[in-house]
Structures are given as structure tokens and as C-alpha cells.
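Results of the structural survey
Listed here are the chains, written in short residue letters.
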Amino acid sequence: MQNTCRQLLKLFLHFWFPRTCFACGRDLAWRTEDPLCPGCAGSLTPPGPLICQRCGAALKSGGAHCYACRGGKARQYKCRMIRASFVFNPSSRALVHALKYANADYLARYMGRLMGREFAQYPELSEAEVLVPVPLFPKRCRRRGYNQSELLARALAETIGLPVNTAALARVRDTVSQTTLGRAGRLANMSGAFLCTRPAELKGKVVLLVDDVATTGATLEGCAQALRAAGAKKVYAYTFARE
């Protein structure tokens with residue numbers, strides 16, 4: 001009886017306040033809990049099949065590495081590997097932007113579960129021992145009310161069974177927006193922006209950074225520099241989407 005009442009209330013609310021797809025704006029079925037319609041959910045596609053072995057960027061013409069990682073360049077990076085659940089397209093972009101800019105923190109659970117589902121396609125990440133979300137600068141975190149990467153990491157952890165450490169890595173410099181910078185500028189902007197505040201907790205461990213989007217990988221590299229300097233054995237990264 002109680003369940004029936006809940007369903008009737010849900011139907012009533014849907015009639016007057018219908019939920020719509022975050023990507024295309026179409027009405028969602030009243031019974032669904034998903035934030036995307038079936039069509040938009042179906043367009044969430046993993047990167048590949050050809051990707052850079054180091055940074056996960058799509059390779060149109062094949063090969064092992066993109067230009068930024070080919071030759072001996074891959075060995076220069078502290079973040080050994082970047083992988084993502086999906087390409088950055090209208091559907092994944094809608095979820096990321098709503099999570100980051102529209103106070104839709106509840107989307108993190110849905111997105112984190114999807115990341116957990118796709119994680120199995122990357123056995124090369126199976127060495128990871130602990131999840132570390134990319135931190136926000138404290139002022140920015142207070143303004144937003146939450147760190148979206150931490151929410152994603154916690155939801156992902158429920159699926160893959162790894163612990164989450166949210167205290168060992170901090171952003172110590174409020175960097176300018178990455179959107180206005182090129183690749184070299186992004187790397188320079190993030191260099192020295194992070195600090196491992198509890199090195200003993202990550203020393204000798206294989207760390208998996210978690211973030212919403214990887215573009216050039218500069219933010220992830222900045223985090224990896226701090227973690228490796230503090231004694232982390234290896235640093236990988238896993239994001240919801242990859243540009």
C-alpha cells in the first residue's frame with residue numbers, strides 16, 4: 001500500500017512537473033530515475049577504439065601515442081595513464097555541466113555508477129589501490145557547495161570497491177580558468193598548484209585520480225606531480241569524459 005501511494009504521488013508530480021532529459025530536453029518517462037532519455041543515454045560512447053596508450057586521447061589515424069606523448073615524451077609525465085568512461089559529446093557534456101554549474105550534485109551517483117560499469121574495460125587500471133579525487137581550491141569549493149570529483153569518486157568506489165582518500169591531496173593555489181589557455185599554458189598553470197598534505201597515507205601506493213573531464217590532462221598532471229613527489233608508487237587517472 002505504501003509503495004502504491006509513493007507511485008501515485010510520483011505520477012501526480014510528473015503530470016504537473018515533468019522531468020526532462022538533461023541533454024535534449026524531452027520529457028522523461030515518469031517511472032525512470034535516469035536523467036537522460038534512452039536516445040541520449042545511448043549516445044554515451046566510450047573513447048576509441050583507437051586511443052593514445054598514455055593519455056587516452058582519440059587517434060584518428062591509429063598508432064600507439066598522440067603527438068604530445070609519442071617518442072620519449074610519455075616518460076616525462078608523472079601521470080602514467082589517463083582513461084575515461086565516455087567521449088565528451090552533447091550527452092556527457094550536459095551531465096558534466098549540470099553537475100558542475102547547476103547544483104545538480106545528485107547526478108554524481110548516476111555518473112559514478114556509469115564510470116564503475118565502464119571501468120571493467122580498462123584492466124590496465126586494475127593496479128590501483130586508492131581513489132583520490134582532484135581537489136578544488138577551498139574558496140571555489142565553498143562557493144559551489146561540493147567538489148564534483150569527490151562525489152564521483154565516492155560513487156565509483158561503491159562499484160569497484162576501492163577506498164577513497166579525500167584528505168591527502170589539496171589544491172594550494174587558486175589557478176586561472178584553463179579554458180583560456182593552450183596546452184603549454186595549462187601545464188604551467190597547474191604546476192605547483194597541488195600539495196600532498198598526508199604523504200604517509202599514499203607512500204608506495206598506486207593512486208587513481210578521479211575527475212569529471214580530461215582535456216589536455218594538465219590538471220591531472222599537476223596532481224600527479226604532487227603525489228609522486230610525496231612517494232606515490234604510480235599515478236593513473238580515470239575521468240567521466242575525455243575531450
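See above for the structure.
Basis of the calculations
Residues numbered from 1 in each chain as written. Predicted model: local features only at pLDDT ≥ 70, side-chain atom pairs only at ≥ 80, totals over all residues. Heavy atoms only, no water. Buried < 20%, exposed > 50% of the residue type's maximum accessible area, 1.4 Å probe, protein only. Helix = DSSP H or I, 4+ residues; strand = E, 2+ residues; numbered from the N terminus. Pairing = 2+ DSSP bridges. Expected span 1.5 Å × (residues − 1). Contact = heavy atoms within 4.5 Å. Axes fitted to C-alpha atoms, helices over the stretch in contact; angles between N-to-C directions. Polar contact = N/O pair within 3.5 Å; in protein donor to acceptor, adjacent residues only side chain to side chain. Salt bridge = Lys/Arg side-chain N within 4 Å of Asp/Glu carboxyl O.

Residues Val130 and Val132 line one face of strand E2 (residues 130–133) and the alternating positions Leu131 and Pro133 line the opposite face, and both faces are buried. For E2 and strand E5 (residues 206–214), the ladder comprises four bridges, and the chain directions are parallel. By the bridge assignment for E5, leucine 131 is matched with leucine 208.

A few words on the environment of tryptophan 30. For tryptophan 30, the position within the fold is in the loop between helix H1 (2–16) and helix H2 (38–42). Assessed through its relative accessible area of 23%, tryptophan 30 is described here as partly exposed. The sequence separation of tryptophan 30 and proline 18 amounts to 12 residues, and the corresponding C-alpha distance is 7.6 Å.

Bringing helix H4 (residues 107–119) into the picture now. For H4, built from 13 residues, the straight-helix expectation of 18 Å at 1.5 Å per residue is met to within 8% by its first-to-last C-alpha distance of 18 Å. The buried fraction of H4 amounts to 10 of the 13 residues, a majority that puts the element mostly inside the structure. Taken as a whole, H4 has its buried residues at Leu107, Ala108, Tyr110, Met111, Gly112, Leu114, Met115, Gly116, Glu118 and Phe119. In the core, the buried residues of H4 are packed alongside H2, strand E1 (81–87), helix H3 (90–101), helix H6 (148–160), E5 and strand E6 (234–242).

Further remarks concern the sheet that holds E2. Spatially, the four strands line up as an open sheet ordered E1-E6-E5-E2, and their pairing is parallel. The sheet terminates laterally at E1 and E2, the two strands that pair on one side only. Neighbour-to-neighbour, the strand axes of this sheet turn through a mean angle of 25°, independent of strand direction. Lying on the sheet, H3 is in contact with E1, E5 and E6; it crosses E6 at an angle near 105°. Packed on one face of the sheet, H4 meets E1, E5 and E6 and runs near 120° to E6.

For the rest of this paragraph, the subject is the side chain of serine 91. Its location among the elements puts serine 91 in helix H3. Polar contacts involving the side chain of serine 91 include one to the main-chain carbonyl oxygen of cysteine 40, which spans 2.9 Å.

Another aspect to go through is the pattern of salt bridges. Enumeration over the complete set of coordinates arrives at seven salt bridges. The salt bridge partner of arginine 83 is glutamate 124, with a shortest N-O separation of 2.9 Å. Of this pair, arginine 83 sits in strand E1 while glutamate 124 sits in the loop between H4 and E2, and the two are 41 residues apart along the sequence. Judged by its relative accessible area of 6%, arginine 83 is buried. For glutamate 124, a relative accessible area of 30% puts it in the partly exposed group. The partner of aspartate 212 in a salt bridge is lysine 100, and the shortest N-O contact between them spans 3.5 Å. A residue pair is termed long-range when its members are at least 10 positions apart, and aspartate 212 in strand E5 and lysine 100 in helix H3 qualify at 112 residues. You can call aspartate 212 buried: its relative accessible area is 3%.

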